[in-house]
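Here is how the chains run, residue by residue.
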Amino acid sequence: MTESTSYDFEFANALGNGHETYAGDNVRLRYFVRVQISRQYSSNITKTVDFAVQNVVPEPEINNSIKMEVGIEDCLHIEFEYNKSRYSLQDVVIGKIYFLLVRIKIKHMEIVIIKRESTGSGATVYNESSNISKYEIMDGAPVRGESIPVRLFLSPYDLSPTMKNVHNKFSVKYYLNLVLVDEEDRRYFKQQEIQLWRKSLRTLPTSKKSGPTSSK
Amino acid sequence: MTGELRTSNLSPKNYYELYMDVTNELREMELFFEDEDSKGDAGHSIEELYENVQHAGNIIPRLYLLVTVGSVYVKSKKAPAKDILFDLVELSRGVQHPMRGLFLRYYLLQISRDKLPDAGSEYEGFGGTVKDAIEFVLQNFGEMNKLWVRMQHQGAVRDRQRREKERRNLRQLVGTSLVRLSQMDGVDLDTYKEVVLPRVLEQIVNCKDVIAQEYLMDSVIQVFPDDYHLATLETFLGTCSQLQSKVNVKQIIISLMDRLADYAKQSPQNVPSGLEMFPLFHQYSSKVIQSNQHISQEDVLQLQVSLIKFASSVYPDRLEYIDNTLGFAAQVLEKAGGKAGVEPGCVKYIRQLLTMPLESLGLRILKLTNYGGLMTYLEYYDRKNVSVKILEAVVFIGEKLDSVDKVDQIFQYISPVIKDQEDAKSADGDDGDDDFEFQQEQHLSAQLFHQIYHDEPAVQVQLYATARQHYGRGGVRRIQHSLPPLVFGSLALAARAHEKEQKRDEDDPPKVKTKKILGFVHEIISALAQHYPELALRLFLQAAAAADAMQYEDIAYEFLSQAFVVYEEEISDSKAQFAAIVLIVATLQTLGCFSEDNYDTLITKATQHSAKLLKKPDQCRAIAQCASLFWTGTDEEPGHRDEKRVLQCLQRALTIANGAIGHQVHLFVEILNRYLYFFDRDCPSITVKYLKGLIALIQEHMPNLDNSDVSEMVRIHYRNTITHIQVKQAVSEKYLAITEDEE
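Counting restarts for each chain, with residues numbered from 1 along the sequence as it is written. Think of it this way: whatever chain is written first is A, whatever ligand is written first is 1, and the rest follow in order. This being a predicted model, a pLDDT of at least 70 is required before a residue's local features are given, and a value of 80 or more before pairs of side-chain atoms are given or counted; all residues contribute to the totals for chains, interfaces and linings. Water and hydrogen atoms were dropped before computing side-chain values, which therefore reflect all heavy atoms in the structure.

**Some details on the sheet that holds strand β12 (residues 147–153) of chain A**
All names here are of chain A. Any two strands are treated as partners once DSSP identifies two or more bridges connecting them. Working definition: helices are DSSP H or I runs of at least four residues, strands are E runs of at least two. Numbering for both runs from the N terminus. Spatially, four strands are ordered β6-β7-β9-β12 in an open sheet, and the strand pairing comes out antiparallel. Only two strands of the sheet have a single partner each, and these edge strands are β6 (66–72) and β12. Each strand axis lies, on average, 20 degrees off the axis of its neighbour in the sheet, ignoring direction. Direction of pairing for strand β9 (residues 92–102) relative to β12: antiparallel, over a ladder of seven bridges. Residue pairing across strands places V93 opposite L152, the latter belonging to β12. To define axes, lines are fitted to C-alpha atoms, for helices over the stretch in contact only, and angles between the resulting N-to-C directions are given on a 0 to 180 degree scale.

**What about the interface of chain A and chain B?**
Every residue pair with non-hydrogen atoms within 4.5 Å of one another is taken to be in contact. Each partner contributes residues to the interface: chain A has 19 residues there, and chain B has 22 residues. Summed over both partners, the accessible area (1.4 Å probe) lost when two parts come together is defined as the buried area. Regarding the contact of chain A and chain B, the summed buried area is about 1,700 Å², with carbon and sulfur atoms giving 44% of it. Among the residues of chain A in contact with chain B, E136, D139 and R151 of chain A are the three that bury the most area, contributing 35% of the side total. Basic side-chain nitrogens of Lys or Arg form a salt bridge, by our definition, when they fall within 4 Å of a carboxyl oxygen of Asp or Glu. Joining chain A to chain B, the criterion identifies four salt bridges. Of the charged contacts, one joins R100 of chain B and D139 of chain A as a salt bridge, the two residues approaching to 2.7 Å between their closest N and O atoms. Any N or O atom pair separated by 3.5 Å or less is treated as a polar contact, with the protein-specific requirement of one donor-capable and one acceptor-capable atom, and with residues adjacent in sequence counted only for side-chain atom pairs. Across the chain A-chain B interface, the total number found is 16 residue pairs in polar contact (both at pLDDT 80 or more). No other element matches the six residues that strand β11 (residues 126–139) of chain A contributes to the side of chain A that touches chain B.

**What to know about the pairing of strand β10 (residues 106–119) of chain A**
Residues and elements named next belong to chain A. Of all 14 residues that make up β10, eleven are buried, and the element is covered over most of its length. Relative to strand β14 (residues 170–182), β10 is paired through 13 bridges, and the arrangement is antiparallel. Counted as the bridge partner of I113 is L176 from β14. Of the strand pairs in this sheet, β10 and β11 are connected by twelve bridges, and their pairing is antiparallel. Each bridged residue has a counterpart across the sheet, and for R116 the counterpart in β11 is S129. Only protein chains enter the accessibility calculation, which uses a 1.4 Å probe; a residue is then buried when its area is under 20% of its type maximum, exposed when over 50%, and partly exposed in between.

**Brief notes about the pairing of β6 of chain A**
All names here are of chain A. For β6 and strand β7 (residues 76–82), the ladder comprises seven bridges, and the chain directions are antiparallel. Bridged to I72 within β7 is L76. Between β6 and β7, which pair antiparallel in sequence order, lie three residues; one of them, D74, sits at a positive phi of approximately 65 degrees.

**Quick notes on the nonpolar core**
We call a set of buried residues a nonpolar core when its members are Ala, Val, Leu, Ile, Met, Phe, Trp, Tyr or Cys and they connect through side-chain atoms within 4.5 Å of each other. In terms of nonpolar packing, the biggest core is built from 255 residues, with Y64, L181, M277, F281, F310, Y371 and L374 of chain B touching the most fellow members. At twelve residues, the largest contribution of residues to this core is made by helix α6 (residues 130–153) of chain B. Setting aside chain neighbours within four positions, we find F281 of chain B in contact with L233, L237, I253, L256, M257, L260, L307 and F310 of chain B. Among the nonpolar cores identified, the runner-up in size contains 42 residues, and Y22, I106, I148 and L180 of chain A belong to it.

**Structural notes on a nonpolar patch on the surface**
Together, V35, I37 and I45 of chain A give the surface a local cluster of nonpolar side chains, amounting to about 220 Å² of exposed area. Residue I45 of chain A is classed as partly exposed on the basis of its relative accessible area, which comes to 38%. Residues form patches when they are more than 30% accessible in relative terms and have no salt bridge. Like charges link within 9 Å. Nonpolar side chains (Val, Leu, Ile, Met, Phe, Trp, Tyr) link within 5 Å. With residues, only the protein chains shown are counted as cover, and all accessible areas are computed by Shrake-Rupley using a 1.4 Å probe.

**Description of helix α16 (residues 347–361) of chain B**
Residues and elements named next belong to chain B. Taking 1.5 Å as the rise per residue, α16 with 15 residues should run 21 Å; its terminal C-alpha atoms sit 22 Å apart, in good agreement. Along α16, the residues classified as buried are V347, Y349, I350, L353, L354, T355, M356, P357, L358 and L361. Where the residues of α16 are buried, they touch α14 (297–314), α15 (319–335), α17 (371–375) and α18 (380–397). The span one expects for a helix is its residue count, reduced by one, times 1.5 Å.

**Topic: the environment of R187 of chain A**
All names here are of chain A. Its place among the elements puts R187 in strand β15 (residues 187–197). Aside from chain neighbours lying at most four places away, what touches R187 is E110, V179, L180 and V181. Polar side-chain contacts of R187 include one of 3.2 Å to the side chain of E110.

**Quick notes on the pattern of salt bridges**
Opposite charge on two side chains lets them pair, provided their charged atoms get close. Taken as a whole and assessed by the stated rule, the structure comprises 36 salt bridges over all chains. K84 of chain A serves as the salt-bridge partner of D91 of chain A, at 2.8 Å between the closest nitrogen and oxygen. For K84 of chain A, a relative accessible area of 21% gives the class partly exposed. Notably, a salt bridge pairs E712 of chain B with R715 of chain B, separated by 2.8 Å at the nearest N-O pair. Placement of the pair is E712 of chain B and R715 of chain B together in helix α33 (residues 709–731), with a separation of three residues, close to one helical turn. Several salt bridges converge on common partners, so that one network encompasses E146 of chain A together with R105, E143, K146 and R150 of chain B.

**Notes on the confidence of the model for chain A**
Should the pLDDT be low somewhere, the predicted coordinates at that spot are not to be read in detail. In the predicted model, chain A carries a mean pLDDT of 84, and 91% of its residues have values of at least 70. One number per residue, pLDDT, summarises how confident the predictor is, and it ranges from 0 to 100. Of the regions scoring below 50 in pLDDT, residues 207–216 of chain A engages in 14 contacts with residues more than four places distant in sequence or in other chains.

**Topic: the confidence of the model for chain B**
Residues and elements named next belong to chain B. Across chain B, pLDDT averages 80, with 94% of residues at or above 70. Counting contacts from residues 426–432, a segment whose pLDDT is below 50, to residues more than four positions away or on other chains yields two contacts. Model confidence for the complex is summarised by a pTM of 0.69, with the ipTM given as 0.84.

**A short note on helix α13 (residues 277–291) of chain B**
Residue and element names in this part refer to chain B. Counted at 1.5 Å a residue, the expected span for α13 with its 15 residues is 21 Å, and the 21 Å between its end C-alpha atoms agrees. Of all the residues in α13, the buried ones are M277, F278, L280, F281, Y284, S285, S286, V288 and I289. Elements that come into contact with the buried residues of α13 comprise α10 (226–231), α11 (233–240), α12 (249–266), α14 and α15.

**Considering the packing of helix α22 (residues 457–472) of chain B against helix α23 (residues 476–503) of chain B**
Residue and element names in this part refer to chain B. For the pair α22 and α23, the least separation of the axes is 11 Å and the interaxial angle reads 170 degrees. In terms of orientation, α22 lies roughly antiparallel with respect to α23. Here the hand of the crossing between α22 and α23 comes out left-handed. The segment α22 lies against α23, with P457, Q460, V461, Y464, R468 and Y471 engaging I479, S482, L483, L486, G489, S490, L493, R496, A497 and K500. Tallied by class, residues from the contact of α22 with α23 come to nine nonpolar, four polar and three charged. Geometric relationships in this document are graded by angle, where less than 35 degrees denotes roughly parallel, more than 145 denotes roughly antiparallel, 65 to 115 denotes roughly perpendicular, and other angles denote oblique. Note: crossing handedness is left-handed where the near helix turns anticlockwise from the far helix by less than a right angle, and right-handed where it turns clockwise. Basically, the charged four are Asp, Glu, Lys and Arg, the nonpolar ten are Ala, Val, Leu, Ile, Met, Phe, Trp, Tyr, Cys and Pro, and anything else, Gly included, counts as polar.

**Comments concerning the side chain of S118 of chain A**
Inspection of the secondary structure assignment puts S118 of chain A in strand β10. Within the structure, S118 of chain A has its side chain in polar contact with the side chain of N127 of chain A (distance 3.5 Å).

**What about the environment of F99 of chain A?**
The residue F99 of chain A is located in strand β9 in this model. In this structure F99 of chain A comes out as buried when scored by relative accessible area, which is 0%.

Dropping the structure here:
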């Protein structure tokens, strides 16, 4: 080869598994294309180019709401409801918290989005949780019978879709943590898993990486 | 900046200041949002802003900003106003902290005030209907009230006072919702009746909070127009009985009654004819009284006062309303143990109950059967005050007392004034300023007397007799004030009766004898004689004059002789005697009905008494005056004329004057004037000779006068007399003779 030559290539079904690019706290999933030019007389020339993969999936067919009654005996009983169990990344969590019994002095209530990354498998599982955001939904002490609306926009946060058991190596799961804080700063909480999915491609204003490739 | 509003550390007053500062800034923010929206694609659209603002992590700033954006959103009309407004009021539920929540909702209310889809507003139709607007305000109101009530129960028990004070500071925030409702064009009478009022009342009753109930019930009364209240009166009053027991319901009922009374007075045509307001009020106030066992006597009476005020101003003709109310009050007091059970604060209410009907009813209070009974529950001093008020009112109105019943009753009501009461303080203790008050009262009572009148003299006699009975019980102090009017009234009545007798009208025969009336007068004056002889004397003389005018010689004689009796028996002070004699003489002189003999007796008596006066000057003057008795009448109608006696008197006077040391000249001059008087009237015995002699006498004594003021007066008097003679000389010849020989 003495001059510029271009070779087309194609990997069919390369991304058969449909996992997204993921860069997390303890684990990363990269896609890259590596070109290796072998030479007999000297070392190989390698060039690696990363590219991002976004996995756009269709609307889930079944998307039940989450509705649950929880409480502590004689202290606090609430019924919370979220309109869906699976949310797209631009979605809005709409729901309400209904107070059935309130015997503690509540200062405020918030919803925390928690991301839990579990790396490893089998015996050596390492979990790391991080709070993505804290969203205050109530200020002050309610009484029995009050119903507090929830409207949490997911778009402002940097979220990835839920990833389950990617190559048996890691999982990324998301939870909504409903937290009530009382006057003595005690925290009462209920965690609920939600599934996040990507509805449409996310474009960046200036893209350093090569254009996104969808793996439909 | 809006984050500052999250604080828990501020008292309501300070939080309010912070709130004002922040919302001022938010106004700027609103303009910025409007700007952004109008930039089209270059900026953020309002829908975007609406969403973006909700990304804020903390709820207070989030909602304040959202309300601000919402306001611009509504104005842009890119979405129906009602959707946005309902969304905002719904999301506001996230703030459950009472004070912060109240302010946030207040902000929402203020911002939305001109954006409601009210009737006739630009937002109606696409933006919603009036019903939506009302629903929005009502929801916000309901939540605000809930939060406000919740403040009562927060915090420690010991802080309750402070909390309640803070609550009262904030009450206007809640009240503004009601104001907004009342300002809505779409809230007409029917909407108010069907939609607004039931919801508001429901909220008031359900919140079960005393402070809220009191304030909101009162706000409803103040904020909505009176004709709405008239239409919903029963509903409103019905709710009153459902309020918490500690609520001052009576105050609410009273303020409603007062308002409606004013309204009914100003525009009576607007009161629906089928509406019996008073029975309703009476019913509900009774209910309130019965259902609340702890209601104080003061409260009950205050309610009655208000009812009376209402009845007097709106239904002045319905005496039974007032009567019933008075009866009820009396019952209450009786149950409390009669006079002893009256609490001190209640006295003024009882007073008001009694005096309020006076203005509108006047004498018709006599028809109120319960009136007198209520008076007995007052202590003496207050009773007296009420009596005085009654007197003042009746006198002012000037209504005639024309039946025995009326007279009887009215005198009964004013009995504290006209006779001593068992429970009055001992009269001995009263003197000084009480005296003036006492006199005022008696004057009033005398004024009242003159209102007793009836066309038929016979009836009036009866009325007077009744009055006499009442006055007679008044005691010594009072009769000096009360009996003279009686005398004068009777004398006037006698004149009327006499006139009737003279007329001898077949159709209207006289039913009472004048003489009887005069006998009545006699009795009255006699009653006075013992204690007030001078007064009695004058009255006898007055009566004599009246009898004389009617040609009743015997009666006049009788009066005059009584006058003499009084003089002889009761009047012992020299000065008083002189004054009395002068009066008698003056009166006698005018009377013309006597026969020779009678007249003779009388004037002889008069002269005798004059001579017996103690002081010489008095004697002299009196006798000089008696001279007139012997020369009465005019030239056309000469009366008793005895020129010899005239001269006798004058000479006698002169003799006495001679003997009056220190007063001679003074008296001489006076006597000279008397001589001149008779000379002028051509009394034959008074000749020029006497005049000249007297003038010489005076001139003789003149130089002996000292230089005191009195003497100076005498000189002036003499000079004037001489001048008078000179003037007369120009007119009449006989005067010339006086100075003839001197010159």
